[in-house]
Amino acid sequence: MIQSGVAVADRGLDWIRGGGEAEIVLSSRVRVARNLQGFPFPGRAGAEERADVVERIRAAADRAKSLDGGYFWDVDSLDPVDREILVERHLISRDLLADRMGPSSAALALASDTSCGVMVNEEDHLRLQALAGGLALDSAWRQVDRLDEEIGALLPLAFHHQFGFLTACPTNVGTGLRASVLIHLPGLVLTKEISKVLEGISQVGLTYRGLYGEGSEVVGNFFQVSNQTTLGKTEEDLIDHLERVTCKVIEYERGARSVLLTEAPSVLEDKVWRAYGILRTARSLGLGEMMNLLSGVRLGVSLKLLKSPRVETLNEVLVRGQLAHLELAAGASLGEQEADLCRATYVRDKLATDERDAGQAPADGSSDTTAADSPPSGG
Amino acid sequence: MLCDDCRDKEAEVHLTSIEADEMRSLHLCVSCAAGRGISAEDTKTDTEATPPLVDFLAQLGASGPRTPVPDSSEPCPFCGTSATDFRKAGRVGCSQCYVHFENQLRSLLRRIHGSSHHAGKLYLSQASDITDRLGQISSMRRRMKRAIETEDFEAAAELRDRIHEMEVQE
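Bear in mind that the values here come from a model prediction, so they are computed numbers and not experimental data. (Residues numbered from 1 in each chain as written. Chains lettered and ligands numbered in written order. Predicted model: local features only at pLDDT ≥ 70, side-chain atom pairs only at ≥ 80, totals over all residues.)

## Focus: the overall build of chain A
In step 1: Secondary structure summary: chain A contains eleven helices and eleven strands in total.
In step 2: Here the C-alpha atoms of chain A give a radius of gyration of 22 Å, agreeing with the 21 Å that 2.2 N^0.38 yields for 379 residues.
In step 3: Viewed in the frame of its principal axes, chain A has a C-alpha envelope of about 65 × 50 × 35 Å.
In step 4: Within chain A, the fraction of its 379 residues that count as buried is 52%.
In step 5: Contacts in chain A between residues far apart in sequence, at least 24 positions, make up 72% of those at least 6 positions apart. (Helix = DSSP H or I, 4+ residues; strand = E, 2+ residues; numbered from the N terminus. Rg over C-alpha atoms; globule rule 2.2 N^0.38 Å. Buried ≥ 20, exposed ≤ 12 C-beta atoms within 10 Å, placed from the backbone. Contact = placed C-beta atoms within 7 Å.)

Shown next as structure tokens:
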């Protein structure tokens, strides 16, 4: 059984605890696109058909073993902040919220441990997905595969003997599979080797983009690398290929970091501590600035130049430092300036807690969290 | 040459067809040909010297039962997506569009993916035949092998049971 209408709360954040190679690879994601037989794809379907699709998928989700005890949300009836929260957690895409005439009839089902779920009525009727911390493409794929088998046994899916699983966009047809890793590559950026690596990635059938998906800019040296093609290869081949290339990129990144450590140790150390210092003491912090500074701190933690914060905290700040998460914490909608103030307070607090736990000398020279570090009201 | 059907009269109608990648020739008398719904006028192959390829091409032009090729200048009969809609949005409207625009899509898919043939998981619908099921069993075997390699024994056991179930059904 799945539960409807429960609060979004902290659900869908399990990946932040990390996994293999967590200092360099933040998360691994696998999704497959599927459509129901006998219905136009969501972009072409009428309101009634879309609502009908949601009901059929809700009934199937209710019986799917992987989703037992999980959650189901109708995106239309969610509070606007909760909707944004789901987008910021990458659980639904912004396209799912695109302005439509009338209700969007979009929905999200999530397993009880929130490691896998189903996005309903985005570009395709079903997007089955799994998200895991660190480099864990194989286990993410196994979860999606299992969920796919369960859903496929309950609902008739659109499949063509030659083209495979049919999708609204021909770039997804076949396996419908998109596997991606979110990877942090400051070493390659600082040594200016990144363009060569990205060029190499493109040449082997992979593609990259920024943290926020298609068309988004690369911020904070975070790159999302994924397979470009979906037809003509098995799912396992696509996953293996991305995993192999990712391991190679990790190797290059490690190489670049050791070059930096040998050839410019003081420059590197200065960069890392400056980043930490600003995050630890700033009173106003823009999202882009926070991302770039988190990159420096993450590099410092990975190279053991900093004792704290923990990688998990860095992952959490990446998520909770976004606007809707700050608004949820503040219990009010925030203008840009207010958001920057709340963000700075939140980040200072998180870093101070980890600093105390790790016994690291505070960056601001004070002995402990000062009065000025306590959050202003509403923060 | 005697008629292939009655072995009595002189063959006057000569047909060449391609079936399962194999070329076949058929020589019939006028009455047997008429019995098969072929008129000597249509085939215009009254001399043995006519090259088979001409017969073949002529046959292509002749009317007869065959799978209707959808006219993709028309919108998809199921969802109404037209070729222009598709070009504009880069999205098709439904699964029937893949049949309706099959030819255009096939070459597009080849350009995008370097292939137009699915190699991954197979999906078994209610109407599937034995070839589909055998294909699915081999795809499941591949996945079971993979599950064993990655030490996911729970998934491997599940697949083993399902393969067994399907084999019993055969």
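This is not the end of the story, as more comes after the structure.
## Re the sheet that holds strand β5 (residues 116-120) of chain A
All names here are of chain A.
In step 1: On the basis of which strands lie adjacent, the open sheet formed by nine strands has the order β1-β3-β4-β5-β6-β2-β9-β11-β10 and mixed pairing. Each having just a single partner strand, β1 (3-4) and β10 (206-209) make up the two edges of the open sheet.
In step 2: Judged from the seven bridges that link them, strand β2 (residues 25-34) and strand β9 (residues 177-184) form a sheet pairing that is antiparallel. Its bridge partner being in β9, V30 is matched across the sheet by A179.
In step 3: Along the sheet, helix α1 (residues 47-63) makes contact with β3 (71-74), β4 (107-110), β5 and β6 (126-133), crossing β5 at roughly 165°.
In step 4: Contacts from helix α5 (residues 194-203) reach β10 and β11 (222-227) within the one sheet, and its direction differs from that of β10 by about 135°. (Pairing = 2+ DSSP bridges. Axes fitted to C-alpha atoms, helices over the stretch in contact; angles between N-to-C directions.)

## Structural notes on the nonpolar core
Residue and element names in this part refer to chain A.
In step 1: L108 and L137 are the most contacted members of the largest nonpolar core, which totals 98 residues.
In step 2: Looking at which element gives the most residues to this core, the answer is helix α3 (residues 137-154), with six residues.
In step 3: Leaving out residues up to four positions away in the same chain, L137 has contacts with S28, V30, A179, V181, I239, L242 and E243. (Core = buried A, V, L, I, M, F, W, Y, C linked by C-beta atoms within 7 Å.)

## A look at helix α6 (residues 102-113) of chain B
Residues and elements named next belong to chain B.
In step 1: End to end, α6 covers 16 Å across twelve residues, agreeing with the expected 16 Å (1.5 Å per residue, within 8%).
In step 2: Three or more residues of α6 are buried, namely L105, L109, I112 and H113. Burial along α6 is one-sided: seen end-on, the buried residues are contained in an arc of 70°. Among the exposed residues of α6, those oriented more than 90 degrees off its buried face are N103, S107 and R111.
In step 3: Where α6 is buried, its residues touch α5 (97-100). (Expected span 1.5 Å × (residues − 1). Arc of directions from axis to C-beta.)

## Here's the deal with the interface of chain B and chain A
In step 1: Contacts between the two partners involve 28 residues from chain B, matched on the other side by 35 residues from chain A.
In step 2: For the side of chain B that touches chain A, the leading source of residues is α6 of chain B, giving five residues.
In step 3: Each residue belonging to the side of chain B that touches chain A can be placed in one class, and the counts come to eleven nonpolar, 13 polar and four charged. (Nonpolar A, V, L, I, M, F, W, Y, C, P; charged D, E, K, R; others polar.)

## Here we look at helix α8 (residues 287-302) of chain A
Along an α-helix, a turn takes 3.6 residues, which lines up residues three or four apart on a common side.
All names here are of chain A.
In step 1: An ideal rise of 1.5 Å per residue puts 22 Å on 16 residues; α8 measures up with 22 Å between its terminal C-alpha atoms.
In step 2: A large share of α8 lies buried, amounting to twelve of its 16 residues.
In step 3: Among all positions in α8, only M290, M291, L293, L294, S295, G296, V297, R298, L299, G300, V301 and S302 are buried.
In step 4: Phi turns positive one or two residues past the end of α8, at K304, with a value near 60°.

## Looking at the pairing of β6 of chain A
All names here are of chain A.
In step 1: Burial of β6 is extensive: eight of the eight residues sit out of reach of the surface.
In step 2: Of the two faces of β6, the one carrying L126, L128, A130 and A132 and the one carrying R127, Q129, L131 and G133 are both buried.
In step 3: For β2 and β6, the ladder comprises eight bridges, and the chain directions are antiparallel. Looking across to β6, one finds that V30 is bridged to A130.

## Some words on the packing of helix α9 (residues 311-320) of chain A against helix α11 (residues 336-358) of chain A
All names here are of chain A.
In step 1: Viewed as axis vectors pointing N to C, α9 and α11 meet at an angle of 170°, and their least axial separation amounts to 11 Å. It follows that α9 is roughly antiparallel to α11 by the angle criterion. Judged by the twist between their axes, the crossing of α9 over α11 is right-handed. Contacts between α9 and α11 involve T313, V317 and R320 on the former and, on the latter, Y346, V347, K350 and D354.
In step 2: Its residues assigned to classes, the contact of α9 with α11 shows three nonpolar, one polar and three charged. (Parallel < 35°, antiparallel > 145°, perpendicular 65-115°, else oblique. Left-handed = near helix turned anticlockwise from the far one by under 90°.)

## Concerning unusual backbone geometry
Residues and elements named next belong to chain A.
In step 1: Omega for the bond connecting S308 with P309 falls within 30 degrees of zero, at 0°, which places this linkage in the cis form.
In step 2: Unusually for a residue other than glycine, T114 sits at a positive phi of about 55°.
In step 3: Note on placement: T114 falls in the loop between β4 and β5.
In step 4: A residue is classified by how many C-beta atoms lie within 10 Å of it, and T114, with 18 of them, is partly exposed.
In step 5: The phi torsion at K192 lies on the positive side, around 60°, for a residue other than glycine.
In step 6: Relative to the helices and strands, K192 is located in the loop between α4 (186-190) and α5.
In step 7: Residue classification places K192 among the exposed residues on the basis of 9 C-beta atoms within 10 Å.

## Digging into the confidence of the model for chain B
All names here are of chain B.
In step 1: When pLDDT is averaged along chain B, the result is 72, and 65% of the positions lie at 70 or above.
In step 2: By mean pLDDT, helix α3 (residues 52-61) is the weakest element of chain B at 42, and α5 is the strongest at 92.
In step 3: Here residues 41-70 is a poorly scored stretch, pLDDT under 50, and it has 27 contacts once near neighbours within four places are set aside; other chains count.
In step 4: Listed scores for the predicted complex are pTM 0.77 and ipTM 0.83. (pLDDT = per-residue confidence, 0-100.)

## Re the packing of helix α7 (residues 265-281) of chain A against α11 of chain A
Residues and elements named next belong to chain A.
In step 1: Where α7 contacts α11, the axes come no closer than 7 Å and their chain directions differ by 115°. Classified by the angle between their axes, α7 and α11 sit roughly perpendicular to one another. On α11, the residues that touch L279, R280 and T281 of α7 are V347, R348 and L351.
In step 2: Counted by class, the contact of α7 with α11 contains three nonpolar, one polar and two charged residues.

## Considerations on the environment of L268 of chain A
Residues and elements named next belong to chain A.
In step 1: If you trace the backbone, L268 turns up in helix α7.
In step 2: For L268, a count of 22 C-beta atoms within 10 Å puts it in the buried group.
In step 3: The sequence separation of L268 and S302 amounts to 34 residues, and the corresponding C-alpha distance is 12 Å.
In step 4: Once residues within four sequence positions are removed from consideration, L268 is found in contact with L260 and L261.

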